[in-house]
Amino acid sequence: MSLGPAGASLNPEQTQNFEDMEKQFAVKAVQHMSTYWSLLERIRGSKLRLTKLDDEIYNHFKSAFPDFDPRTTIDEDKMKSKEGKAKWREFMMAYEKTIDDYNFGTMLRSNPKFEYGEKETIFAMRMQFYAIEIARNREGLNDWIYEREHPDENGK
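Before going into details, it helps to say that this report is about the structure given with it. In this text, all values refer to a predicted model and were calculated from it rather than measured experimentally.

Thoughts on the pattern of salt bridges
A complete count under the given rule lists twelve salt bridges for this structure. In this structure, R138 engages D55 in a salt bridge whose closest nitrogen and oxygen atoms are separated by 2.5 Å. In this pair, R138 sits in helix α5 (residues 126–138) while D55 sits in helix α2 (residues 54–64), placing the two residues 83 residues apart along the sequence. A relative accessible area of 36% places R138 in the partly exposed class. Residue D55 is classed as partly exposed on the basis of its relative accessible area of 41%. For R148, the salt bridge goes to E149, with nearest N and O atoms at 3.8 Å.

Overview of the packing of aromatic side chains
By the definition in use, this model includes twelve aromatic pairs. Centroid distance F61 to F65: 5.5 Å. Interplanar angle 40°. Geometry classified as tilted. Summarising the burial analysis for this pair, F61 and F65 share the class buried. Here the aromatic rings of F65 and F91 are separated by 5.9 Å at their centres, their planes lie at 70°, and the arrangement is edge-to-face. Separated by 26 residues along the polypeptide, F65 in the loop between α2 and α3 (76–79) and F91 in helix α4 (residues 82–93) bring together distant segments of the chain. You can call F65 buried: its relative accessible area is 10%. An aromatic cluster of at least three residues, connected via ring pairs, comprises F61, F65, F68, W88, F91 and Y95.

About the cut-offs
Residues numbered from 1 in each chain as written. Predicted model: local features only at pLDDT ≥ 70, side-chain atom pairs only at ≥ 80, totals over all residues. Heavy atoms only, no water. Salt bridge = Lys/Arg side-chain N within 4 Å of Asp/Glu carboxyl O. Helix = DSSP H or I, 4+ residues; strand = E, 2+ residues; numbered from the N terminus. Buried < 20%, exposed > 50% of the residue type's maximum accessible area, 1.4 Å probe, protein only. Phe/Tyr/Trp six-rings, centres within 6.5 Å; stacked < 30°, edge-to-face > 60°.

Pasting the structure below:
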């Protein structure tokens, strides 16, 4: 399937619905979500590294979004507003050459207290996922997932 000449820009408003591409996206997004959840069940989030650049991403995220509280529910409207999109785009572009699939769509829990679910999951870009989940992990907000799976190890 061809989307046009190599290097040509693709305007999503002017393209047909590419059912195969949508299916491939859905499969990849669900695989990513399942893999991440499985990791959190096996390793405390506070000990998990998602990328080689976790420290850089975390520090950049904290400086670019100083008011973001990883303990609370994400305000999706604010995140996806015109201003929010511009701020996130600037943040994400810093990783264009260093993080694979930095702008690939993925699923993100809207609140660290809940599992993935229809009402608890939002669509986000991969760098948004990394930034928010790294912050949650650093603050121990995902450790409950491991602790639930390993009740004999709680407190250790």
